[in-house]
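Listed below are the residues making up each chain.
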Amino acid sequence: MKRSLFVMLCACVLAGAFSLMAAEPVRVMLLDGESGGPFHAWEQTTPYLKRMLEDTGMFRVDVVTAPPKDGDFSGFHPTWSNYKAIVMNYDAPDERWNDALRSSFERYVREGGGLVIVHAANNAFPKWKEFNRMVGVGGWRGRTEADGPMFHWLDGKIVADTSPGRGGSHGPRHQYVVDTRVPEHPIMRGLPAGWLHASDELYDRMRGPGENMTVLATAYSDAAKKGTGRHEPILMVLRYGEGRIFHTVLGHDLEALNCVGFMATYQRGTEWAATGKVTQAVPKDFPSATQVRTRPAYAPPAK
Ligand code: ZN
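Quick look at the structure, then. Computed from a predicted structure; not experimentally measured. (Residues numbered from 1 in each chain as written. Predicted model: local features only at pLDDT ≥ 70, side-chain atom pairs only at ≥ 80, totals over all residues. Heavy atoms only, no water.)

Considerations on the overall build of the chain
Looking only at helices and strands, the chain features 6 helices and 11 strands. Expected size for 303 residues packed as a compact globule is a radius of gyration near 19 Å; at 20 Å, the chain falls within 12% of this value. Principal-axis analysis of the C-alpha atoms places the extent of the chain at approximately 80 × 50 × 40 Å. Across the 303 residues in the chain, those meeting the buried criterion constitute 53%. Within the chain, residue pairs in contact and separated by at least 24 positions form 70% of the contacts whose partners lie at least 6 positions apart. Approximately 13900 Å² of the chain is accessible, and the part contributed by carbon and sulfur atoms is 56%. (Helix = DSSP H or I, 4+ residues; strand = E, 2+ residues; numbered from the N terminus. Rg over C-alpha atoms; globule rule 2.2 N^0.38 Å. Buried < 20%, exposed > 50% of the residue type's maximum accessible area, 1.4 Å probe, protein only. Contact = heavy atoms within 4.5 Å. Areas by Shrake-Rupley, 256 points an atom, 1.4 Å probe, with all protein chains shown as cover.)

Re the pattern of salt bridges
Scanning the model with the defined rule gives 12 salt bridges in all. Here Lys-127 and Asp-147 are joined by a salt bridge, their closest N and O atoms 2.8 Å apart. Taken as a pair, Lys-127 in the loop between β4 (114-118) and α4 (129-135) and Asp-147 in the loop between α4 and β5 (150-154) lie far apart in primary sequence, 20 residues in all. A residue is classified by how much of its surface remains accessible, and Asp-147, at 15% relative accessible area, is buried. The salt bridge involving Arg-133 is made with Glu-211; its shortest N-O contact spans 2.8 Å. You can see Arg-133 sitting in helix α4 and its partner Glu-211 sitting in the loop between β8 (194-200) and β9 (213-221), a full 78 residues away along the chain. Residue classification places Glu-211 among the partly exposed residues on the basis of a relative accessible area of 33%. Taken together, the shared-partner salt bridges in this structure form one network comprising Glu-130, Arg-133 and Glu-211. (Salt bridge = Lys/Arg side-chain N within 4 Å of Asp/Glu carboxyl O.)

Digging into the side chain of Glu-232
Counting through the fold element by element, Glu-232 comes out in strand β10 (residues 230-240). One buried charge, Glu-232, has no salt-bridge partner; the nearest side chain with opposite charge is Arg-230, at 5.8 Å. Among all residues touching Glu-232, those that are not within four sequence positions of it are Phe-151, Leu-202, Tyr-203, Asp-204, Arg-205, Ala-217, Thr-218, Ala-219 and Ser-221. (Lys, Arg positive; Asp, Glu negative; His and termini not counted.)

Points about empty space enclosed by the protein
Applying the stated rule across the entire model yields 2 cavities of 30 Å³ or more. When its volume is computed, the largest cavity comes out at roughly 130 Å³. When residues of the lining of the largest cavity are assigned to their parent elements, the largest contribution, 3 residues, is made by helix α2 (residues 42-54). Of the voids in this model, the second largest cavity is the one considered here, and its volume is about 50 Å³. Lining the second largest cavity are Gly-171, Pro-172, His-174, Leu-202, Asp-204, Ser-221, Asp-222, Lys-225, Lys-226 and Gly-227. Broken down by class, the residue content of the lining of the second largest cavity amounts to 2 nonpolar, 4 polar and 4 charged. (1 Å grid on protein atoms, 1.4 Å probe; cavity = no way out; pocket = protein on both sides within 12 Å on 5 of 7 lines; lining within 4 Å. Points joined across faces, edges and corners; volume = space filled by probe spheres on them. Nonpolar A, V, L, I, M, F, W, Y, C, P; charged D, E, K, R; others polar.)

Looking at the coordination of the zinc ion
Ideal donor angles around a metal are set by the shape: a four-donor tetrahedron calls for 109.5 degrees, a six-donor octahedron for 90 or 180 degrees. Summarising the metal site, the zinc ion is bound by the protein donors His-40 (NE2), His-119 (NE2), Glu-201 (OE) and His-252 (ND1), whose distances to it range over 2.0 to 2.1 Å. Donor residues for the zinc ion sit on one chain with the sequence pattern H-x78-H-x81-E-x50-H. Remark: Glu-201 occurs in the loop between β8 and β9 and His-40 occurs in the loop between β1 (26-32) and α2; sequence separation between them is 161 residues. Under the relative-accessibility criterion, His-40 is labelled buried at 13%. (Donors = N, O, S within 2.8 Å, 3.2 Å for Na, K, Ca; no water.)

Re the environment of Thr-65
One can find Thr-65 in strand β2 (residues 59-65). When its relative accessible area of 43% is taken as the criterion, Thr-65 is described as partly exposed. Once the C-alpha coordinates of Thr-65 and Pro-126 are considered, the two residues, 61 residues apart in sequence, prove to be 21 Å apart. Dropping the residues within four chain positions of it, Thr-65 is found in contact with Asp-32, Gly-33, Trp-42 and Phe-76. In terms of polar contacts, Thr-65 uses its side chain to reach the side chain of Asp-32, at 2.7 Å. (Polar contact = N/O pair within 3.5 Å; in protein donor to acceptor, adjacent residues only side chain to side chain.)

Quick look at the structure:
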């Protein structure tokens, strides 16, 4: 009798310990501090990107703000390894990071760190070879065919186009359908075949090495909207050494972020980059192919 009580007690203590372990938050660094222009106002978008992760109950997010354009980088040595994933809401030119900072970041991802690239973070560092291998494709900041081919979806697969020209452009912002291309990937499992994204830029002519890259979703870039007439990459996953990268080109501003499709893929993609798994259910208010879905809690502040 006494013995069975003791066993039960042990089982309870163990179960308690395991549930505590399960509740341990996944630590994420949200890196911001610079953008390529007056648009991409990271001061506005970072609090929303942070809250979206923390509202899952799964993540604990620290914001790390890099020094500004003319700032002193000598004391900027983030402890990447304290985090399961780094979310980049950051876009800086090649000269901003010195070799030591670059190699510490490369080592972190290569050795298994997660990386999440949001929208214009793929504009950063056009000539940093290893960064471009992590993100797969990027745009602007002088990118051309020298930086890699363009990629698009054609006849059931992703094809590379090596023809010359600029890297990165977009027409006027509009709502567009995001098409799932790899429904069996953990990030995409259970999502509809197509869903209507809130008004956003539709990046096209993105270029890069595209190594170890799987394009999970594309969107048709309509020539009538000054697009390419091609199905452009929208959501991607990549491997860099042991590291996992989730790359979403969505999310120009607060209006673009307030889309349940953006939120759910960003939350699930961050979990995948950090842990290799996706445990989050698809939200019930996920958009359909014809209806954008937003949430009042993420509405941009009234102007
Ligand atoms: Zn943008």
